[in-house]
Amino acid sequence: MKLYSEDFFITPHQHITVEPRVPQPIFPEHTHDFSEIFLVTQGIGLHVLNGRPYTLCPGMVCYIKSCDYHLFDNVSNLNLTNVLYRSDSSFTYLNNISHFFPTDAEKNISHWLLNKEHYNKAQQIIDKLNESDGSDLAYTESLFLQLIVNLQDGRYNHIGEGNNEQRIIQMLRWLNMNFTEDVDWGHLTTQFSVSLRTFHRYMKNNLGISPQNYLIKLRLSEAYYQIRFSDKTITDIALESGFNDSAYFSTCFKSEYNFTPRDLRHCSN
């Protein structure tokens, strides 16, 4: 399936538009002839980008290029705000801005979590973009530049630096890339200079789940995708996703998705 810019942009001269998804439904794999950036404003869901699964949660930003293909599945009250743009070379006043986007070699870090400061600033800029009718190209493109610079600023942190929230964001980014590993929460929080109590409180207040449940969701998202789109055995998938006990994996899977891994495999065949 392919989506076309003519269905989203008002005029051929419009290069940027805002498209809310409230809520974002399950949507099959597709591509489009435009690029986009989306922010997760609410809920949780599975996002598969170029065959790689990601667990979406509030505060996450994602970049989609026109050459990418992606889908949404297993969504739970997932709300997104999409900023669509034709390409990073289609602007009238902006030039050489490609370094503000992930490179082709960085596809595995196309998603990252923003702290509250950068997330709130991004929302303010997007609100201004949404209020603009796009007729003032210089103003619209200046807002877009502010947005991508802010999002890029919210990406880089060295381990152990920043305030508690920034260090927790770093830790969640690490989990998103290393969720199949055995996790010692005490050791991990010490590594990122955050107290275990502070981390638990942040997860409860911001994501509504415990750190362990978040980790299980990451592992289940990977398993869900592998069951649907690979020929590996369910036992092998469980082990590769970070579960040491296939019975426990099946219990967690049924609790998360309301059907068993074998049910999903059967429906996918």
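In what follows, the structure referred to is the one given above.
Each value, and the rule that gives it
- Residues numbered from 1 in each chain as written.
- Predicted model: local features only at pLDDT ≥ 70, side-chain atom pairs only at ≥ 80, totals over all residues.
- Heavy atoms only, no water.
- Phe/Tyr/Trp six-rings, centres within 6.5 Å; stacked < 30°, edge-to-face > 60°.
- Buried < 20%, exposed > 50% of the residue type's maximum accessible area, 1.4 Å probe, protein only.
- Pairing = 2+ DSSP bridges.
- Helix = DSSP H or I, 4+ residues; strand = E, 2+ residues; numbered from the N terminus.
- Disulfide = S-S within 2.5 Å.
- Arc of directions from axis to C-beta.
- Contact = heavy atoms within 4.5 Å.
- Core = buried A, V, L, I, M, F, W, Y, C linked by side-chain atoms within 4.5 Å.
- Expected span 1.5 Å × (residues − 1).
- Polar contact = N/O pair within 3.5 Å; in protein donor to acceptor, adjacent residues only side chain to side chain.
- Axes fitted to C-alpha atoms, helices over the stretch in contact; angles between N-to-C directions.
- Left-handed = near helix turned anticlockwise from the far one by under 90°.
- Nonpolar A, V, L, I, M, F, W, Y, C, P; charged D, E, K, R; others polar.

J.: Please set out the packing of aromatic side chains residue by residue, giving values where relevant.
T.: Any two aromatic rings considered together are summarised by their centre-to-centre distance and by the angle between their planes. Following the criterion strictly, the structure yields 19 aromatic pairs and no others. Ring centres 6.0 Å apart and planes at 20° place the aromatic pair Tyr257 and Phe259 in the stacked group. Residue Phe259 is classed as partly exposed on the basis of its relative accessible area, which comes to 27%. Through a chain of ring-to-ring contacts, the aromatic side chains of Tyr224, Phe243, Tyr248, Phe249, Phe253, Tyr257 and Phe259 assemble into a single cluster.

J.: I'd like a rundown of the pairing of strand S3 (residues 27-32), residues and numbers included.
T.: Here strand S1 (residues 2-3) pairs with S3 via two bridges, running parallel. Following the sheet pairing, Leu3 is matched in S3 by His32. Alignment of S3 against strand S7 (residues 70-85), held across two bridges, turns out to be antiparallel. When the bridges of S7 are listed, Phe27 appears paired with Phe72.

J.: With reference to specific residues and values, describe the state of the cysteines.
T.: Counting across every chain of the model gives zero disulfides. Left unpaired, Cys57 is separated from the closest cysteine sulfur, that of Cys62, by 12 Å.

J.: I'd like a rundown of helix H9 (residues 261-268), residues and numbers included.
T.: Buried within H9 we find Pro261, Leu264 and Arg265. The buried residues of H9 occupy an angular sector of 100° when the element is viewed end-on, so they sit on one face. Seen from the open side of H9, the exposed residues pointing more than 90 degrees away from its buried face are Arg262, His266 and Cys267. In this structure, the buried residues of H9 make contact with helix H6 (211-229), helix H7 (234-240) and helix H8 (246-257).

J.: Please give an account of the nonpolar core that cites residues and values.
T.: Among the nonpolar cores identified, the biggest contains 32 residues, and Phe38, Leu172, Leu175, Phe199 and Tyr214 are the most heavily contacted of them. Those elements that provide at least two residues to this core are strand S4 (35-49), strand S5 (52-56), strand S6 (60-64), S7, helix H3 (164-178), helix H4 (185-191), helix H5 (196-206) and H6. Counting residues per element, this core draws most heavily on H3, at five residues. Apart from residues no more than four positions distant in its own chain, Phe199 is found in contact with Ile168, Met171, Leu172, Leu175, Trp185, Thr189, Val194 and Pro211.

J.: Please give an account of unusual backbone geometry that cites residues and values.
T.: Residue Pro23 is bonded to the preceding Val22 through a cis peptide linkage, with omega at 0°. Note that Pro23 resides in the loop between strand S2 (16-21) and S3. Residues other than glycine seldom take positive phi values, yet Asn77 does so here, at roughly 55°. Counting through the fold element by element, Asn77 comes out in strand S7. Not every positive phi belongs to a glycine, and Asn258 is a case in point at roughly 70°. Among the secondary structure elements, Asn258 is positioned in the loop between H8 and H9.

J.: Let's hear about the environment of Arg197: which residues, and what values?
T.: Structurally, the position occupied by Arg197 is in helix H5. Classification of Arg197 as exposed rests on a relative accessible area of 69%. Along the chain, Arg197 and Asp236 lie 39 residues apart, while their C-alpha atoms are 34 Å from each other.

J.: Go over H3, please, and point to the residues and values.
T.: Taking 1.5 Å as the rise per residue, H3 with 15 residues should run 21 Å; its terminal C-alpha atoms sit 21 Å apart, in good agreement. Here H3 lies mainly inside the structure; twelve of its 15 residues are buried. If you check which residues of H3 are buried, you get Glu165, Gln166, Arg167, Ile168, Ile169, Gln170, Met171, Leu172, Arg173, Leu175, Asn176 and Asn178. In this fold, the buried residues of H3 make contact with S6, strand S8 (111-113), helix H1 (116-131), H4, H5 and H6. Sitting at the amino-terminal end of H3 is Asn163, which places a side-chain oxygen 3.2 Å from the backbone nitrogen of Glu165.

J.: Describe the pairing of S5, and please don't skip the residues or the numbers.
T.: Here S5 lies mainly inside the structure; four of its five residues are buried. Judged from the five bridges that link them, S4 and S5 form a sheet pairing that is antiparallel. In the strand pairing of S5, His47 is matched with Tyr54. Counting the residues in the hairpin turn of S4 and S5 gives two residues, including Asn50, whose phi is positive at 50°.

J.: I'd love a proper account of the packing of H3 against H6, names of residues and values included.
T.: Where H3 contacts H6, the two axes come as close as 9 Å, and the packing angle between them is 35°. Here H3 and H6 pass one another in a crossing that is right-handed. The segment H3 lies against H6, with Leu172, Leu175 and Asn176 engaging Tyr214, Leu215 and Leu218. By residue class, the composition of the contact of H3 with H6 is five nonpolar, one polar and no charged.

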